[in-house]
Each structure stands twice: as C-alpha cells, then as structure tokens.
Amino acid sequence: MSDQGSKAPERRSALAKALGALPPGTQLVIGGTVLLGAASYVHLMAAGYSLGKPQMASVSLLWTILMSVGLGLFFPIEQELTRIVAARVVGGQGAGPVVRRILVVAAVVLAVLTVGMAVAARPLADTFFDGRRGMVAALAAAFVAMAAGNVTRGVLAGLNRFGAYGTQLAVDGALRIALAVGCALADVRSPLAFALVLTVAPLVAVVATLKPLRAGLTAGPPIGWGALGSGLAPLVASTLLSQVVVNAAVVSTQLLAPHDAALVAGLLNAVVLARVPLFVFGSLQASLLAGLASAAAVGDRAGFSKLLARTCGVVVVLGVAGGIPATILGPWLIQVLFKADDVLGSLDFLWMSAGTLCYMLAMVLGQALLVLHRHRLQLLGWALGTVGLVVTTLVPGAVATRVCLAYTMGSLAACACMVAAVWLTFLRRPPHVRSRADEAATPSMVDSL
C-alpha cells in the first residue's frame, strides 16, 4: 500500500515537471488546440467520404490556399500584437491604441485581397476549383473569418488571457466537427458546403470571446505607423514564405499534374497527417512568444535562453513521436481515414515528417528573432527556405517524391539559417550581469543587442 502511495506522487511530480518545461500558459491552450487540430481531420475525413475526387480536390486546394495565404497575411498580425501587447503589459501601459491601429491594417489587407479575388474570380475558379466561382467567394469569406480570429487571439495572448484564447480554439474546433459531420450525415455532395464550415465556425468562436477581449482594451500611449510597420512588413513577408514552404506540396502537384485529382487529394491528406505535431506545436506558439517578449522586456537573458532551449527540446520530441508512426502507417492511414487512393509510400511520409520537424524548429527560432527585433534575419531564413523548396521541386522525378522532398529541403534550409542567426545575434554573446543601475538605465534586453 505504501509503495503504491509513494509511486503516485512520483508520477504526478514527473508529469508536473514535464508540463513545467512548456512555456507559461501553454496548458490552458493545449485543450483548445487539440480540439481544433482534430476538427481539421474530421472536416477533411467527412469531405473525403462525401465528395467525389474532383470535388474533394477543390476543397483540398481551398484549405491549402487558406492555410498558406491566409496564415501568411494574418498570423503575423497576431504575432506582432502578442509581442507589443505583452511588452506593454510588463510596462504597465494600455493596449487600446495598438489594437485600433492593427484593426485598420487588417481591414486594408482584407479589402485589397477580396477586391483582387473578385476581379480575378474566373481565372482563380478555372485554375483551382474546376470552374466553381462559389468556391472563390467561400475562400474570401474564410479569409475574413481568419483575420478576425488572429486579431482577437493576438490581443488575448498578449494580455495572458490564455483561458479565453483556448476557449476560442475549442469553440471553433467543436463547431467545425459538428458542421462537417452534419453535412456528411445529411449526404451533402456540395464542396461549397464543406468550404463554408471554415467561415462559420471561426466567426462564432470570435463572438464567443469578445467580452474578455473588450475588458483588456485600456487606454495607453499611441503607437506610430512607422513603429508598427517596421516590424509588421518583414514579418508578413516571412510568414508568407514560411507558409509557402509548409503548404506548397498540394498546389505544386496541382500545377505539375493538373489532371491527377487523386494525387492532389491524397497529398493533402498526407500533409495533414504528417503535420500532426504542428497542431500540438500550435499550443506552444502564443505562450512562447508572450514568454520570450516578457523576458526580453525585463532583460532576463537567462530566462529567455532557458525558455528557448526547453521549447526546442519539446519540439524535437513532438517531431520524432509524430514522425515515426506517420512514416510506418501513413500510406495505410490516409486510405482508411480519408478514402484516399494508394498514391504515396512510406518514403514520402518520411520526407514529410522530417520536414515538419525542421519546420517547427525554424518556427521556434523565428519567434526568438522576432522578439529580438531581428525581423529581417527571420525573413532571410524563410527566403532561403523558399529557394531550397523551388530548386528541389524543379528537379526531375516523380511528382509526389519531388514535392515531399522539397518540403524537407526548404524547411531544413530555413532552420539552418535561423540557428546561425540566433547564435550570431544572441547566444554567442556572454551574459551580462545587470546591476540595479544597469536596470534603471537599460530596462530592455533587446536594447543592448
């Protein structure tokens, strides 16, 4: 009896230690992130079993474009909001003026994007959606929903309101599951119905978390357009390139083999399966950025380095734990879960899993460069990654192998560049022991770099 009683606290302490290695607030976001990640699988599974191959290819391409262009444009807004709001919280300043200016930026980006899509609706529909202009409209609506979600989550993360952050993710995920399963049970055969799930669910989730958001919008000093744009512009470019690296496989296949709908749909299923660790990693990003920004704002070099190292360690574990089963079981799983054809092998999944690990490490190091105001070095890393992706894609060979290997080589190039950038700009410098006089004179670690 006593032995069992001693083992239980030991197990609990080990679990607590493992959770303590994650950035602060991560535990509150994990549940929502897991549910939203599961919703992506359920959504695509329901579409795969309900739609024919050409219709499923249209949904696959819409999902891929949304995850690449949408995240590339609006996730940087979330990141920059998180960084600035977290720094203001540490300094006792209100975030209201920052949020108002960011809303203007998001509205302008949305206006340019949607107007451009309206003008080019016909060629977009013919190239990606088998002539369905309704899918172009659904994509534009999904961009609006994504922008709303990223802006609100950026504020919530900066304010350390991770309970509301996780709630938004959970509501979004639960609604996606309910709507997708409902469409499947109702025997819906329209790709437009499955596409609209990506608009309705996130918008309802945003409305559900507006109250804690409004409570945190207090008055504070204004922020200039120049200060906002100097960080946001290179960050948008970096994120767009990073999304090209992680999502290019499906679009590249559509361009290289436009008549192979089975391969296009199968590759999306494979990409989603190999990126399981990325959905878990999503729960680290918001709290990681807030934690790094807070450590930098108070000049805590040791805390900054420790948080960065621990997160990289967690990412490696995630990548290996997800990559091994994906490599072994992936070709079989996409046929069982998504009704995909037998178009990919274990080697394709190995390249995708390796690419996912390198991609996650590059994302973590990119967060560090962002907090250190080294936006342009982050941009350089993703630019090199994109070059590696394009060069590998153009090498002769089987289309599936080329696009999977291109993901790995692009992610590896970006990761290598980020490692060098973080080392040269921060880690190789000896820690500076700050006296109280130093703290009064230089309150921010970033100012000394």
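Keep in mind that this is a model prediction, so the values were computed, not measured.

Asks: Could you clarify how one ought to interpret the overall build of the protein in this entry?
Replies: Helices and strands together make up the secondary structure of the protein, namely 17 helices and zero strands. Burial analysis of the protein (449 residues in total) assigns 53% to the buried set. Nonlocal contacts in the protein, meaning residues at least 24 apart in sequence, comprise 82% of its contacts between residues at least 6 apart. Surface summary for the protein: the accessible area is close to 18,300 Å², and the carbon and sulfur share equals 70%.

Asks: Would you take a moment to explain the pattern of salt bridges for this structure?
Replies: Side chains that differ in sign of charge can pair as their charged atoms come close. Under the defined criterion, the tally for this structure stands at four salt bridges. Of the charged contacts, one joins Glu78 and Arg153 as a salt bridge, the two residues approaching to 3.8 Å between their closest N and O atoms. Here Glu78, found in helix H3 (residues 53-90), pairs with Arg153, found in helix H6 (residues 133-158); they are 75 residues apart in sequence, far enough to count as distant. Each member of the pair, Glu78 as well as Arg153, is classed as buried. In this structure, Arg122 and Asp126 form a salt bridge, with 3.3 Å as the shortest nitrogen-oxygen distance. Here Arg122 and its partner Asp126 are both found in helix H5 (residues 121-128), four residues apart, which amounts to about one turn of the helix.

Asks: Can you help me understand the packing of aromatic side chains in this one?
Replies: Each pair of aromatic rings is reported with the distance of its centres and the angle of its planes. Summed over the entire model, instances satisfying the criterion amount to two aromatic pairs. When the centroid spacing of 5.3 Å and the interplanar angle of 50 degrees are considered together, the rings of Tyr359 and Trp382 count as tilted. Placement of Tyr359 in helix H14 (residues 346-371) and of Trp382 in helix H15 (residues 375-393) is noted, with a sequence separation of 23 residues between them. The residues Tyr359 and Trp382 share a single accessibility class, namely buried.

Asks: Is there a simple way to think about the nonpolar core in this case?
Replies: One broad trend across soluble globular proteins is that nonpolar side chains are buried collectively. The biggest cluster of nonpolar side chains holds 119 residues, and the ones touching the most others in it are Ile77, Leu81, Phe129 and Phe143. Counting residues per element, this core draws most heavily on H3, at 16 residues. Excluding anything up to four places from it in sequence, Ile77 contacts Ile102, Val105, Ala106, Val151 and Leu232.

Asks: Where do I start with the side chain of Thr392 in this structure?
Replies: As for its placement among the helices and strands, Thr392 is situated in helix H15. Of note is the side chain of Thr392, whose polar atom sits 2.8 Å from the backbone oxygen of Gly388. Ignoring anything within four residues of it in the chain, the contact list for Thr392 reads Arg402, Leu405, Ala406 and Met409.

Asks: Sorry if this is basic, but what is going on with H6 here?
Replies: One turn of an α-helix holds 3.6 residues; hence residues three or four places apart share an orientation. Between its first and last C-alpha, H6 extends 38 Å over 26 residues, near the 38 Å set by a 1.5 Å rise per residue. Among the 26 residues of H6, 20 are classified as buried, and the element is accordingly described as predominantly covered. Looking one or two places after H6, you find Asn160, whose phi comes out positive at around 60 degrees.

Asks: Looking at this model, I keep getting lost on unusual backbone geometry. Mind explaining?
Replies: With the exception of glycine, the majority of residues adopt a negative phi angle, and the majority of peptide bonds are in the trans configuration. Despite not being glycine, Asp187 shows a phi value in the positive range, around 60 degrees. Within the fold, Asp187 resides in the loop between helix H7 (162-185) and helix H8 (191-208).

Asks: For this particular structure, what's the right way to read the confidence of the model for the protein?
Replies: Atomic detail in the predicted coordinates should be set aside for any region of low pLDDT. Per-chain confidence: the protein averages 79 in pLDDT, with 81% of residues scoring 70 or above. Considering each helix and strand of the protein separately, the mean pLDDT is smallest for helix H17 (residues 436-441), with a value of 34, and largest for H8, with 92. Below pLDDT 50 for its whole length, residues 1-16 participates in zero contacts with residues either more than four positions away or in separate chains. The low-confidence segment residues 430-449, where pLDDT is below 50, has 33 contacts with residues more than four positions distant or belonging to other chains.

Asks: Would you explain the environment of Ser60 in this entry?
Replies: With respect to the helices, strands and loops of the structure, Ser60 is situated in helix H3. For Ser60, a relative accessible area of 0% translates into the label buried. Beyond its immediate stretch of four places on either side in the chain, Ser60 contacts Ala265 and Leu268.

Asks: Even after reading the chapter, I still don't get helix H11 (residues 261-274), so can you show me in this structure?
Replies: A rise of 1.5 Å per residue sets the reference length of H11, with its 14 residues, at 20 Å; its end C-alpha atoms lie 20 Å apart and thus fit the reference within 8%. Most of H11 is tucked away, with 13 of its 14 residues classed as buried.

Asks: In this structure, what is going on with a nonpolar patch on the surface? I would like to understand it.
Replies: A cluster of nonpolar side chains, namely Val316, Val320, Ile324, Ile328, Leu329, Trp332 and Val336, defines an oily patch on the protein surface of about 640 Å² accessible area. Here Leu329 is to be found in helix H13 (residues 301-338).

Calculation rules
Residues numbered from 1 in each chain as written. Predicted model: local features only at pLDDT ≥ 70, side-chain atom pairs only at ≥ 80, totals over all residues. Heavy atoms only, no water. Helix = DSSP H or I, 4+ residues; strand = E, 2+ residues; numbered from the N terminus. Buried < 20%, exposed > 50% of the residue type's maximum accessible area, 1.4 Å probe, protein only. Contact = heavy atoms within 4.5 Å. Areas by Shrake-Rupley, 256 points an atom, 1.4 Å probe, with all protein chains shown as cover. Salt bridge = Lys/Arg side-chain N within 4 Å of Asp/Glu carboxyl O. Phe/Tyr/Trp six-rings, centres within 6.5 Å; stacked < 30°, edge-to-face > 60°. Core = buried A, V, L, I, M, F, W, Y, C linked by side-chain atoms within 4.5 Å. Polar contact = N/O pair within 3.5 Å; in protein donor to acceptor, adjacent residues only side chain to side chain. Expected span 1.5 Å × (residues − 1). pLDDT = per-residue confidence, 0-100. Patch = residues over 30% accessible without salt bridge, like charges linked within 9 Å, V, L, I, M, F, W, Y side chains within 5 Å.

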